[in-house]
There are 2 protein chains.
Amino acid sequence: MTLSMKDEILKRFLLANNTPISGQHLADELGISRTAIWKHLQTLQEEGYGFETIKKKGYLLSSTPDKVDPARVTSFLTTERFGQRIHYLEECTSTQIIAHELAKDGAQDGTLVIAETQTNGKGRMARPWESTKGKGIWMTVIIRPNVPPSQAPQFTLVAAVAIVNAIKSLYKNFTPTIKWPNDILINGRKCTGILTEMLAEMDRVEALLIGIGINANQQLKDFPESLQSIATSLSIEEHEPINRAQLVATILSYLENYTNVYLSEGFLPIKALWEESSGTIGKRIKATTLREVIEGTAIGITESGVLEIQLDNGEIKGVYSADIELT
Amino acid sequence: MTLSMKDEILKRFLLANNTPISGQHLADELGISRTAIWKHLQTLQEEGYGFETIKKKGYLLSSTPDKVDPARVTSFLTTERFGQRIHYLEECTSTQIIAHELAKDGAQDGTLVIAETQTNGKGRMARPWESTKGKGIWMTVIIRPNVPPSQAPQFTLVAAVAIVNAIKSLYKNFTPTIKWPNDILINGRKCTGILTEMLAEMDRVEALLIGIGINANQQLKDFPESLQSIATSLSIEEHEPINRAQLVATILSYLENYTNVYLSEGFLPIKALWEESSGTIGKRIKATTLREVIEGTAIGITESGVLEIQLDNGEIKGVYSADIELT
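Conventions we followed
Residues numbered from 1 in each chain as written. Chains lettered and ligands numbered in written order. Predicted model: local features only at pLDDT ≥ 70, side-chain atom pairs only at ≥ 80, totals over all residues. Heavy atoms only, no water. Helix = DSSP H or I, 4+ residues; strand = E, 2+ residues; numbered from the N terminus. Rg over C-alpha atoms; globule rule 2.2 N^0.38 Å. Buried < 20%, exposed > 50% of the residue type's maximum accessible area, 1.4 Å probe, protein only. Contact = heavy atoms within 4.5 Å. Areas by Shrake-Rupley, 256 points an atom, 1.4 Å probe, with all protein chains shown as cover. Lys, Arg positive; Asp, Glu negative; His and termini not counted. Charge placed at Lys NZ, Arg CZ, Asp CG, Glu CD. Buried area = accessible area lost by both parts, 1.4 Å probe. Salt bridge = Lys/Arg side-chain N within 4 Å of Asp/Glu carboxyl O. Polar contact = N/O pair within 3.5 Å; in protein donor to acceptor, adjacent residues only side chain to side chain. Pairing = 2+ DSSP bridges. UniProt positions renumbered as here; feature names shortened; annotations may be inferred. Core = buried A, V, L, I, M, F, W, Y, C linked by side-chain atoms within 4.5 Å. Domains from an automatic or database assignment. Least-squares fit on C-alpha atoms with pLDDT ≥ 70 in both. Patch = residues over 30% accessible without salt bridge, like charges linked within 9 Å, V, L, I, M, F, W, Y side chains within 5 Å.

A. Layout of the overall build of chain A. Along the backbone of chain A there are 9 helices and 14 strands. Expected size for 327 residues packed as a compact globule is a radius of gyration near 20 Å; at 22 Å, chain A falls within 12% of this value. Considered along the principal axes of its C-alpha atoms, chain A spans approximately 80 × 45 × 30 Å. Taken across its 327 residues, chain A has 53% of its residues classed as buried. Contacts spanning at least 24 positions in sequence make up 63% of the contacts within chain A whose residues lie at least 6 apart. Of the roughly 14,400 Å² that chain A leaves accessible, carbon and sulfur atoms contribute 48%. Across chain A, the 33 positively charged side chains and the 39 negatively charged ones have centroids separated by 5 Å.

If you want it as structure tokens, here you go:
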């Protein structure tokens, strides 16, 4: 990870764990002047970080804004590829759009695009996606697996199991479930959406853009009225503020891990993980596709991400794309 | 088609077929002043168009540079959707890259991106593609069919039959053939490459980018030495200069027509057209894939664009992606 000098300095303070750092020590270690150190601290203060001067000991990071900037995310990062390049934006149209451009420009496997807010966030089928500043997580991971386009849909399932297990590893007051194809629910309310897009030639994927939107620190009043009965956030369910940078780093770690599993062992272990966390499999559902409404029992997913529904007459139907609800 | 005022004026001259047009008449018809008309003619002259003033009759278009600008292309256009929006560039990195951006910004079905030269043209597998200024055709058509990603490869075949039949309709001194998957050859030498890319969600294509590179007016010396024994141009084979704007408009017409046929009648009529123009089917070939070399007789293509090769032991192998040569 190549951080800017300012972010290098910030990362040292974040990792210093409430002990002061001497300005001279920082200057020596980073090979820049004390004046330069001081200027970077000024900039960080303007961005909302608080520093105290402790006599004869140096500077102490006394308060941090809640941000998902590269230094914060990197301070929690344990991956080899994912998140090793981070494009961080205070505001953007949508991380998917930025990621598209970066992918066309050759961005490397695992590049993360993350923003504090989006002005034009989109879910599946180009539906609008609410992006309250600084409260949620809006990110896209660019991955470049060597697979044909036909395998791309499986990565939505890889992403879903990565996110659900990252959430489970950090929070204990609730159990998230996956709603086919691309949502994560808590107590029946949506807290996360996944939008996978691809750039591809006809026989090879050039880039997959795993777009992830997570309601992290929103309170109910932050949601538009129309969503208040169907949306929730991790913070509402956990009864605690969420450390977004830690969650982002944890998701990257699970995503890298499960991507490696998928590429080396194939779809079977992912399918098992997916069905384990699914809130759909084994339930009676109603699936509304563009053409018809299908009612029956969800019995599994196939290699191509198709949801299999058993009708009351025993017939099994595969659904590629639908909105589903439990009945 | 919304043309600029300058292009509107140019189009009238192009369609006037060597008869003069009165400045007053033009001014009245377009609702602008004669001074404005005169300024647009000045700009056109700077771009290489020649005008003569014929006493009491008006202006005569006496010479035209060989360009593929919107006015020239539009003057030959007979389509309903394809080419109704044209993004024309004297120079660009590659029309595929520009088309990607336009597609993400919502460019409409049938939008054409065309350039006089590319600084970074690419073929399949990101291989470089030579783009001599003003001699070839470098274009991308953005199409937005309502199909799942699995059907996308068939559009490479739709494009191939459209181009080969457009060429056949205009030139009579040679017979072009299609080389699977995406080249058009004349007398065994390459004159056209097709690169189809897609932007897609997992269950629907957002946009297909049909990239087409055609050697039109190049002479042998215009090609790098390494290509001189394997490349050719329409002009070399036809022994005449090629009217590029006319060819572009004709391709758009066939492409719109065959796209409509495909969407309403399915793959079968396209498969028949493709096999009719194929230089591969029925021939003994050697196919080099990433993993192996397969020798046998090419016997057909499947719905998913797979080339079927019958080995000497009778076994039939399907090839998704390969470089092939006749043996």
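B. Just the interface of chain A and chain B, in detail. At the interface, 25 residues of chain A touch 25 residues of chain B. For the pair chain A and chain B, the summed buried area comes to about 2,000 Å², and 60% of that belongs to carbon and sulfur atoms. For the pair chain A and chain B, the interface holds 2 salt bridges. Ionic pairing is found between K104 of chain A and E197 of chain B, a salt bridge with its closest N-O pair at 3.4 Å. Taken together, chain A and chain B are joined by 6 residue pairs in polar contact (both at pLDDT 80 or more).

C. How the structure looks around the pairing of strand 9 (residues 205–214) of chain A. Residues and elements named next belong to chain A. With respect to burial, strand 9 is a largely interior element, 10 of its 10 residues being buried. Relative to strand 9, strand 5 (residues 137–143) runs antiparallel, the two being bridged by 7 bridges. Paired with I137 across the strands is I214, a residue of strand 9. Pairing of strand 8 (residues 189–201) with strand 9 involves 9 bridges; the strand directions are antiparallel.

D. Examining the UniProt feature "binding site: biotin" (unreviewed entry) in chain A more closely. All names here are of chain A. Feature annotation in UniProt assigns "binding site: biotin" (unreviewed entry) to the following positions: Q118 and K190. There is a polar contact of 2.9 Å between the side chain of Q118 and the backbone nitrogen of T95. Structurally, the position occupied by K190 is in strand 8. Exposure remark for K190: the relative accessible area of 26% places this residue in the partly exposed category.

E. Highlighting the nonpolar core. By size, the foremost hydrophobic cluster in this structure holds 136 residues, and its most contacted members are M139 and L234 of chain A together with M139 and L234 of chain B. Those residues within four positions of M139 of chain A in sequence are excluded, and the remaining contacts are T95, L112, V113, I114, I210, G211, I212, V248, I251 and L252 of chain A. Core analysis: the next-biggest nonpolar cluster, separate from the first, contains 24 residues, I142 and A207 of chain A together with A107 and L209 of chain B among them.

F. Broad picture of the domain arrangement of chain A. Residue and element names in this part refer to chain A. On domain assignment, one finds that chain A holds domain 1 (5–63), domain 2 (70–277) and domain 3 (284–326). Listed per partner, the contact involves 6 residues of domain 1 and 5 residues of domain 2. In total, about 450 Å² of surface goes out of reach between domain 1 and domain 2, with carbon and sulfur atoms giving 75% of it. Joining domain 1 to domain 2, the criterion identifies 0 salt bridges. Our enumeration of links across domain 1 and domain 2 arrives at 0 residue pairs in polar contact (both at pLDDT 80 or more).

G. Quick peek at the side chain of N165 of chain B. Residue and element names in this part refer to chain B. In this structure, N165 sits in helix 6 (residues 154–170). Since its relative accessible area comes to 12%, N165 is described here as buried. The contact partners of N165, leaving out residues within four places of it in the chain, are Y254, Y258 and L273.

H. A look at the pattern of salt bridges. Residue and element names in this part refer to chain A. Following the criterion strictly, the structure yields 34 salt bridges over all chains and no others. A salt bridge links K67 to E90, with the nearest nitrogen and oxygen atoms 2.7 Å apart. Residue K67 is found in the loop between strand 2 (58–63) and helix 4 (70–75), and its partner E90 is found in strand 3 (residues 86–92); the two are separated by 23 residues along the sequence. A relative accessible area of 16% means that K67 is categorised as buried. The exposure class of E90 is partly exposed, given its relative accessible area of 34%.

I. Fine view of the relation of the copies chain A and chain B. The transformation that overlays chain A on chain B combines an axial shift of 0.0 Å with a rotation of 180 degrees, and the residual RMSD is 0.1 Å. Each copy turns onto its partner about a two-fold axis. Relative to the rotation axis, the closest C-alpha in chain A is found at L199 of chain A, a distance of 2.5 Å.

J. Looking closely at a negative patch on the surface. A surface patch of negative charge is lined by E101 and D105 of chain A together with E101 and D105 of chain B. Take E101 of chain B: it is sitting in helix 5 (residues 95–104). Look at E101 of chain B and you get partly exposed, because its relative accessible area is 43%.

K. Just the environment of A298 of chain B, in detail. All names here are of chain B. Take A298: it is sitting in strand 11 (residues 293–301). Along the chain, A298 and T79 lie 219 residues apart, while their C-alpha atoms are 35 Å from each other. Setting aside residues up to four positions removed in sequence, A298 forms contacts with T280, I281, G282, K283, I285, L307, E308 and I309.

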